[in-house]
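# Secondary and tertiary structure notes
Read off the chains here:
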Amino acid sequence: MKLTLTLATLATAAAAANQFNGLSYNPKQLKTGACPTVDTVRDDLSVLSKYTNQVRIYSVKDCNQGEPVLRAMENTDWKVQLGMWVSEVESVYEADRNELVRLAGIFDFKKHVTAVIVGNEAIYRKEQTSAQIAAKVRDTKAALTKLGLGDIPVTASETWPYYDATLISAVDYVNVHAFPFWEGTPIEGAQDKMFVHVHDIQKLAGSKKVVVGETGWPDAGGNYESAVPSLANEQRYMKEFICRANLEKLDYIWFSAFDEAWKPVTNASDVETHWGILKGDKTPKFASPMFDCKGFVPSTKPSSSPSASSASSKASSTPSGHSNTGNSNSKSSDTDSDSDEA
């Protein structure tokens, strides 16, 4: 009996060490980028269930991915943050909005949908202004309220230099992206750099909650200035960010779930296919536990806040994420746009 309890306790501890608040997820098929089916999503979620019970997608309309994701989550405890892709073409947002409304009439949003995210770094890409995104956030909120779903938080995702008072006034919470890697930060300073951005945004947000909508570190590819991609650095940043986020009660979505071989390499560093916690064959990159916060002590090194102009370049024109949507480019400051996600 004692042995059984001990083993159960160890298993629980290991599971807790592997738990992420949520993972950025592109439901497109990993090797080819083909559109998802309910079965392929179910298989992905089965693998990811060891690490989290929440994913973020970047569009409900691109590849019609919203429906298979929600269908695969039926009769489960899975949660999803539904994305709506926004570009300079207004009909793209309108198509996602219409699809969101349609899906709300079919699926149990109150059980499975934890947030709706309008746009992914569209301001960074100069495809929208903050006022335009704010208007779309309010429009989406009104549409959900009309359906009796007004309690579902609606926000927008932007990199830290582009989240301004206009956008903050419209969102239910601030969903910010920051990537010390894309600022060319050496791994030794990444934790400090990240939390400078977090604390600056929290000051700007006032009473509104701040969530990190994307952050991560690649394990392979070319260096970006002083930032070096490697398995060791990915795991170090993972531990330092997540353990400190837990201490500060900061919610986050880790970028990302899987390496995605189909993503184009179009950004300044050929890292776009190397952000996952799992390889393209869905096996883990790291031994369990992926990170362990026992005894973690956060850095207290003072750091000055860099100007917005120091943000890295990131372009991602299609719905995806971290450049997750599928067309990824470099992340801004960089978070890749989840435009690869779409």
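Below you will find a few notes about this structure. (Residues numbered from 1 in each chain as written. Predicted model: local features only at pLDDT ≥ 70, side-chain atom pairs only at ≥ 80, totals over all residues. Heavy atoms only, no water.)

## Let's talk about the nonpolar core
- One finds Phe 20, Phe 109, Phe 241 and Trp 254 to be the most contacted residues of the largest nonpolar core, which totals 86 residues.
- Ranked by the residues each element gives to this core, the list is headed by helix H8 (residues 187-205), at 7 residues.
- With near-sequence residues (within four places) excluded, Phe 20 lies in contact with Tyr 51, Thr 52, Met 238, Ile 242, Tyr 252, Trp 254, Ile 277, Met 290 and Phe 291. (Core = buried A, V, L, I, M, F, W, Y, C linked by side-chain atoms within 4.5 Å. Buried < 20%, exposed > 50% of the residue type's maximum accessible area, 1.4 Å probe, protein only. Helix = DSSP H or I, 4+ residues; strand = E, 2+ residues; numbered from the N terminus. Contact = heavy atoms within 4.5 Å.)

## What to know about the packing of aromatic side chains
- According to the stated counting rule, one finds 19 aromatic pairs in the structure shown.
- Ring centres of Phe 181 and Trp 217 lie 5.3 Å apart, and the angle between their planes is 80 degrees; on these two criteria the pair is classed as edge-to-face. On the criterion of sequence distance, the pair formed by Phe 181 in the loop between strand E6 (174-177) and H8 and Trp 217 in the loop between strand E7 (210-215) and helix H9 (231-247) is long-range, its members being 36 residues apart.
- Note on Phe 181: relative accessible area 0%, which makes it buried.
- Arranged with centres 6.3 Å apart and planes meeting at 40 degrees, the rings of Phe 181 and Tyr 224 form a pair that is tilted. Placement of Phe 181 in the loop between E6 and H8 and of Tyr 224 in the loop between E7 and H9 is noted, with a sequence separation of 43 residues between them. (Phe/Tyr/Trp six-rings, centres within 6.5 Å; stacked < 30°, edge-to-face > 60°.)

## Focus on the pattern of salt bridges
- Counted by the stated rule, this structure contains 20 salt bridges.
- A salt bridge links Arg 97 to Asp 139, with the nearest nitrogen and oxygen atoms 2.7 Å apart. Here the residue Arg 97 occupies a position in helix H4 (residues 90-104), and Asp 139 occupies one in helix H6 (residues 130-146), the gap between them amounting to 42 residues.
- Classification of Arg 97 as partly exposed rests on a relative accessible area of 22%. (Salt bridge = Lys/Arg side-chain N within 4 Å of Asp/Glu carboxyl O.)

## Examining the state of the cysteines
- Counted under the stated rule, the structure contains 2 disulfides.
- A sulfur-sulfur distance of 1.8 Å marks the disulfide that ties Cys 35 to Cys 63. On the sign convention where negative means left-handed, the S-S torsion of about -75 degrees between Cys 35 and Cys 63 marks this disulfide as left-handed. With Cys 35 in the loop between strand E1 (23-24) and helix H2 (38-48) and Cys 63 in the loop between strand E2 (54-56) and helix H3 (66-73), the pair connects residues that are 28 residues apart, well separated along the chain.
- Here Cys 243 is linked by a disulfide to Cys 293, with a sulfur-sulfur distance of 2.0 Å. In this structure, the disulfide formed by Cys 243 and Cys 293 twists by about -90 degrees around the S-S bond and is classed as left-handed. Separated by 50 residues along the polypeptide, Cys 243 in helix H9 and Cys 293 in the segment after strand E8 (252-254) bring together distant segments of the chain. (Disulfide = S-S within 2.5 Å.)

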